[in-house]
Amino acid sequence: MMNGKPKIIGVLTSGGDAPGMNAAVRAVVRTAIKRDIRVLGITNGYNGLINGEVIEMDLRKVSSLLHRGGTLLKTARCKEFRTKEGQLKAYEVCKEMGIEGLVVIGGDGSFRGAKALSDLGVPTVGIPGTIDNDIASTDYTIGFYTALNTVVDAIDRLRDTSESHNRCSVVEVMGHGAGHLALYSSIAGGGTSCWINEVDFDVEKDIIQKMKRTLRTGKHNFVIIVSEGITDIHALAKEIEAKTGVESRATVLGHIQRGGSPAAYDRLLASRMGYHAVEVLEQGIGDRVIVVRGDVIGDMDITEALNMTKKADPIMIAINETINI
């Protein structure tokens, strides 16, 4: 659809929302306008693209967005877009509206959609936005550090009441099968134990016996971090109390981890990635994902990025097991 610099590009957010998505949209819009490229905002993700739900994006539309969580463009999951028919509908909408390039902000599922559109002839660039930090091609995703701050703040508050009551707090954090948020929050929040999918874990050895040893040293309050989807933390809290004699309570942090004003790091990362995404599309290049590696922003092939896997950092695992007692 495009030879060289595009006249019109689209931008959408897809999948779960993450703090900093608005900052990325803002960067895309302002960078494009600066380079005489018109920007259409597609609302409600791929569902909105199929249905032609677009708004004109100008400088004022993205004013006062940096500090806002969520996404101005809204987001949704779209089963129809997973089908060839749905993808062809989206392609036809792009053709009708003159969209010659697309920026997609989201996770792996969103990137698969971006790949499909690129294959059909709409140059598409993905920007990694998810609190799970589970996209292997990039060191960090937009929203991860804000969610981490939220989790650590919650742990600090729970620790206050745990200390007051000589209690154990069992805290479930999000991650969608990935343990990055749980592991980092355990280190930053001083978790007694951290249960994630990426490590072999035994409740008796890694929680019960560890707590009993620590009780003998005079410590009487504990925080156990569990990544979502692993176990029923309410049942786990009852087991801990029954076997250790320490009053235990379970807390599921849930979707508070997705909301809130993005941290400075996420605002910077989103702004840098949004700027680079427009630079790539300006050259008439698609089928790319924006990444940060060692604080250097770059881009890589979407297919290559999707074929990569990301496990919890073994060094971080070692640090957590060594310094948290």
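Here is a short report on the structure shown in this document.

Quick look at the sheet that holds strand β9 (residues 248–252) now. In spatial order, the strands read β7-β8-β6-β9; together these four strands make up an open sheet with parallel pairing. Both outer strands of the open sheet, β7 (193–195) and β9, are each paired with one neighbouring strand and no more. In this sheet, adjacent strand axes meet at a mean angle of 20 degrees when their direction is disregarded. In this structure, strand β6 (residues 168–173) lies alongside β9, joined through five bridges in parallel fashion. Bridge pairing links Glu172 to Val252 in β9.

Turning next to the packing of helix α5 (residues 144–165) against helix α6 (residues 180–189). Where α5 contacts α6, the axes come no closer than 9 Å and their chain directions differ by 50 degrees. As summarised for this structure, α5 and α6 are arranged oblique, according to the angle between their axes. The interaxial crossing formed by α5 with α6 has right-handed handedness. Contacts between α5 and α6 involve Phe144, Tyr145, Ala147, Leu148, Val151, Val152, Ile155 and Arg159 from the former and His180, Leu181, Tyr184, Ser185, Ala188 and Gly189 from the latter.

Now for the packing of aromatic side chains. Within the structure shown, the criterion is met by eight aromatic pairs. Of the aromatic side chains, those joined through ring pairs into one cluster are Tyr140, Phe144, Tyr145, Tyr184 and Tyr265.

Under the 1.5 Å per step criterion, the end-to-end length of helix α4 (residues 108–120) is 19 Å for 13 residues, consistent within 8% with the ideal 18 Å. One or two residues past the end of α4 sits Gly121, with phi positive at roughly 120 degrees.

Another point: helix α11 (residues 314–323). Within α11 the residues assigned to the buried category are Met316, Ile317 and Asn320. When α11 is viewed along its axis, its buried side chains cluster within an angular range of 105 degrees and face the same direction. For α11, the exposed residues lying more than 90 degrees away from the buried face are Pro314, Ile315, Thr322 and Ile323. The elements touched by buried residues of α11 are α6 and β7. The opening residue of α11 is Asp313, an N-cap whose side-chain oxygen sits 2.9 Å from the backbone nitrogen of Ile315.

Structurally, Ser248 is set in strand β9. A relative accessible area of 5% places Ser248 in the buried class. At 2.9 Å, the side chain of Ser248 forms a polar contact with the backbone oxygen of Val246. Sequence-distant contacts of Ser248, defined by excluding residues within four places in its chain, comprise Arg167, Cys168, Ala237, Ile240 and Glu241.

Rules used throughout
- Residues numbered from 1 in each chain as written.
- Predicted model: local features only at pLDDT ≥ 70, side-chain atom pairs only at ≥ 80, totals over all residues.
- Heavy atoms only, no water.
- Pairing = 2+ DSSP bridges.
- Helix = DSSP H or I, 4+ residues; strand = E, 2+ residues; numbered from the N terminus.
- Axes fitted to C-alpha atoms, helices over the stretch in contact; angles between N-to-C directions.
- Parallel < 35°, antiparallel > 145°, perpendicular 65-115°, else oblique.
- Left-handed = near helix turned anticlockwise from the far one by under 90°.
- Contact = heavy atoms within 4.5 Å.
- Phe/Tyr/Trp six-rings, centres within 6.5 Å; stacked < 30°, edge-to-face > 60°.
- Expected span 1.5 Å × (residues − 1).
- Buried < 20%, exposed > 50% of the residue type's maximum accessible area, 1.4 Å probe, protein only.
- Arc of directions from axis to C-beta.
- Polar contact = N/O pair within 3.5 Å; in protein donor to acceptor, adjacent residues only side chain to side chain.

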